[in-house]
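Residue-level listing of the chains:
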Amino acid sequence: MRIKKSVCTNLVFPKTRKDIDEFARVTEFLKSRGVDSMEFYHDGEARRESRIGDILDKNDMEGIYIAVIPSKEQGLHACSAEEENRRASVKLFCSCMDEAADNGISVMMLNSGRIGANVKEGLKALKETIGSLYEYMAKKHYSMRLTLEPCDSWMFARQLLGPTARTAAFLEDCHRAGLPLELTMDSAHTLEEGEDFLEAVKAVKPFCRHLHFANCYIKDEKSPLYGDQHVGFEYADTEWDYQALIQAWPAFKEMFDGGELRVAVEVLCREEDPYVYFDNMWSRMPFVNVE
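Treat the numbers as computed from the prediction; the structure is a model and nothing was measured. (Residues numbered from 1 in each chain as written. Predicted model: local features only at pLDDT ≥ 70, side-chain atom pairs only at ≥ 80, totals over all residues. Heavy atoms only, no water.)

Peer 1: For this particular structure, what's the right way to read the overall build of the protein?
Peer 2: Across its full length, the protein holds 11 helices and eight strands. For the protein, whose C-alpha radius of gyration is 18 Å, the value lies close to the compact-globule estimate of 19 Å for 291 residues. Taken along its principal axes, the extent of the C-alpha atoms in the protein is 45 × 45 × 40 Å. When each of the 291 residues of the protein is scored for burial, the buried share is 57%. Sequence-distant contacts, at least 24 apart, represent 75% of the contacts inside the protein between residues at least 6 apart. (Helix = DSSP H or I, 4+ residues; strand = E, 2+ residues; numbered from the N terminus. Rg over C-alpha atoms; globule rule 2.2 N^0.38 Å. Buried < 20%, exposed > 50% of the residue type's maximum accessible area, 1.4 Å probe, protein only. Contact = heavy atoms within 4.5 Å.)

Peer 1: It is not clear to me how the environment of Trp 249 should be interpreted in this structure. Could you clarify?
Peer 2: Locating Trp 249 in the fold gives a position in helix α10 (residues 242-255). Residue classification places Trp 249 among the buried residues on the basis of a relative accessible area of 5%. C-alpha separation for the pair Trp 249 and Val 68, spaced 181 residues apart in sequence, amounts to 26 Å.

Peer 1: Any chance you could explain the packing of aromatic side chains here in plain terms?
Peer 2: Each aromatic ring pair is summarised here by two numbers: the centre-to-centre distance and the angle between the ring planes. With the rule as written, the count across this model stands at 20 aromatic pairs. Considering the side-chain rings of Tyr 41 and Tyr 65, the 5.5 Å spacing of their centres and the 45° angle between planes classify their relative orientation as tilted. Separated by 24 residues along the polypeptide, Tyr 41 in the loop between β2 (37-40) and α3 (51-58) and Tyr 65 in strand β3 (residues 62-66) bring together distant segments of the chain. It is Lys 205 that lies over the ring of Phe 256; its NZ or CZ is 5.3 Å from the centre. Positioned over the ring face of Tyr 242 is Arg 284, at 3.8 Å from the centre of the ring. (Phe/Tyr/Trp six-rings, centres within 6.5 Å; stacked < 30°, edge-to-face > 60°. Lys NZ or Arg CZ within 6 Å of the ring centre and 35° of its normal.)

Peer 1: Any chance you could explain the environment of Asp 196 here in plain terms?
Peer 2: Checked against the element boundaries, Asp 196 lands in the loop between α8 (187-192) and α9 (197-204). For Asp 196, a relative accessible area of 45% puts it in the partly exposed group. The spacing of Asp 196 and Ile 64 is 132 residues in sequence and 26 Å in space, taken between C-alpha atoms. In terms of polar contacts, Asp 196 uses its side chain to reach the backbone amide nitrogen of Leu 198, at 3.1 Å. (Polar contact = N/O pair within 3.5 Å; in protein donor to acceptor, adjacent residues only side chain to side chain.)

Peer 1: Can you help me understand the side chain of Ser 153 in this one?
Peer 2: Relative to the elements of secondary structure, Ser 153 occurs in the loop between β5 (145-148) and α7 (164-176). On the basis of relative accessible area, Ser 153 is assigned to the buried category, the value being 15%.

Peer 1: In this structure, what is going on with unusual backbone geometry? I would like to understand it.
Peer 2: Residues other than glycine seldom take positive phi values, yet His 141 does so here, at roughly 60°. Tracing the chain through its elements places His 141 in the loop between α6 (119-140) and β5.

Peer 1: Looking at this model, I keep getting lost on α7. Mind explaining?
Peer 2: One turn of the α-helix equals 3.6 residues, which is why residues spaced by three or four share an orientation. An ideal rise of 1.5 Å per residue puts 18 Å on 13 residues; α7 measures up with 18 Å between its terminal C-alpha atoms. Listed in full, the buried residues belonging to α7 are Thr 164, Thr 167, Ala 168, Phe 170, Leu 171 and Cys 174. Burial along α7 is one-sided: seen end-on, the buried residues are contained in an arc of 165°. Turned more than 90 degrees away from the buried face of α7 sit Ala 165 and Arg 176, all of them exposed. Looking at the packing, one finds that the buried side of α7 touches α6, β6 (182-186) and α9. (Expected span 1.5 Å × (residues − 1). Arc of directions from axis to C-beta.)

Peer 1: Explanation requested: the layout of surface pockets in the structure shown.
Peer 2: Where empty space is left can be seen by rolling a probe of water-molecule size over the atoms. Looking at the largest pocket, its volume works out to about 610 Å³. Along its surface, the largest pocket is lined by 31 residues, and Val 68, Ile 69, Lys 72, Asp 228 and His 230 are the ones closest to its centre. Those elements giving two or more residues to the lining of the largest pocket turn out to be α1 (9-12), β2 and α4 (68-73). Among the elements that take part in the lining of the largest pocket, α4 stands out by supplying five residues, more than any other. By residue class, the composition of the lining of the largest pocket is 12 nonpolar, 11 polar and eight charged. The space that makes up the second largest pocket amounts to roughly 220 Å³. Forming the boundary of the second largest pocket are 15 residues, of which Asp 36, Asp 60, Met 61, Glu 62 and Gly 63 lie nearest the centre. (1 Å grid on protein atoms, 1.4 Å probe; cavity = no way out; pocket = protein on both sides within 12 Å on 5 of 7 lines; lining within 4 Å. Points joined across faces, edges and corners; volume = space filled by probe spheres on them. Nonpolar A, V, L, I, M, F, W, Y, C, P; charged D, E, K, R; others polar.)

Peer 1: Just checking my understanding: could you explain the pairing of β3 for this structure?
Peer 2: Looking along a regular strand, one sees the side chains alternate between the two faces of the sheet. Burial of β3 is extensive: four of the five residues sit out of reach of the surface. As paired strands, β2 and β3 are joined by four bridges and run parallel to one another. By the bridge assignment, Glu 39 is partnered in β3 with Ile 64. Relative to strand β4 (residues 107-110), β3 is paired through three bridges, and the arrangement is parallel. Paired with Ile 64 across the strands is Val 107, a residue of β4. (Pairing = 2+ DSSP bridges.)

The analysis is restricted to geometry; functional conclusions fall outside its scope.
Written as structure tokens, this is what we have:
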């Protein structure tokens, strides 16, 4: 199995979203730690200058552009039954594809948008959106892969594609229609949905070769850490701590044996020095020393 080691940098190193110099510093730092790819969204002053692409290329680092971030922040939903909102979502994702292409980034991550009153209508709208994105990609001659990250459908993000069965059925429908959409499965979102992460990944394996190892706390609704707060693996009594991750890793390794798997850590640094925090966390990841 070939492991691609990845980091969601907007969370671990939040300054990289706006500061191009910090982005460059973090890229070089992560490369020295054996990281293969960075998953991020950048909307600083340098976003249209292709400097991100130059930095990634210089460090032989692959980029995954996280269009999920502006989509959520702007309240846009690819699955919206309201045509104006759905079209705005398409426009945003196309703009993100342009930015990714300008910087030599060949993978973009999107989300389904919030679940509405009618699931069937939402799925129909989402498929129309996905079709529009592939049409735009063909028109612009982009060589790009689209990956969708399911979230929870009822607790926090309340996304249409949260339940694994619904997600798998939608991907099957897309592939039958010639839309090669991929999946990025997130451990925290799956647990928030009330499902077992290993079983969820098994169910969508034909469409998935990208995992987010993330943690969550869902035992106490009154806690400030409740839901999708990207807590670190070191937090006590959480759902996906270091012990759970280490115990689960052999099963994931076996599942993807002989293939390629990208594994990313996605936690928010709540400490003063993100570089020290990262080193402490990264040294405990079970996939770090796997070739």
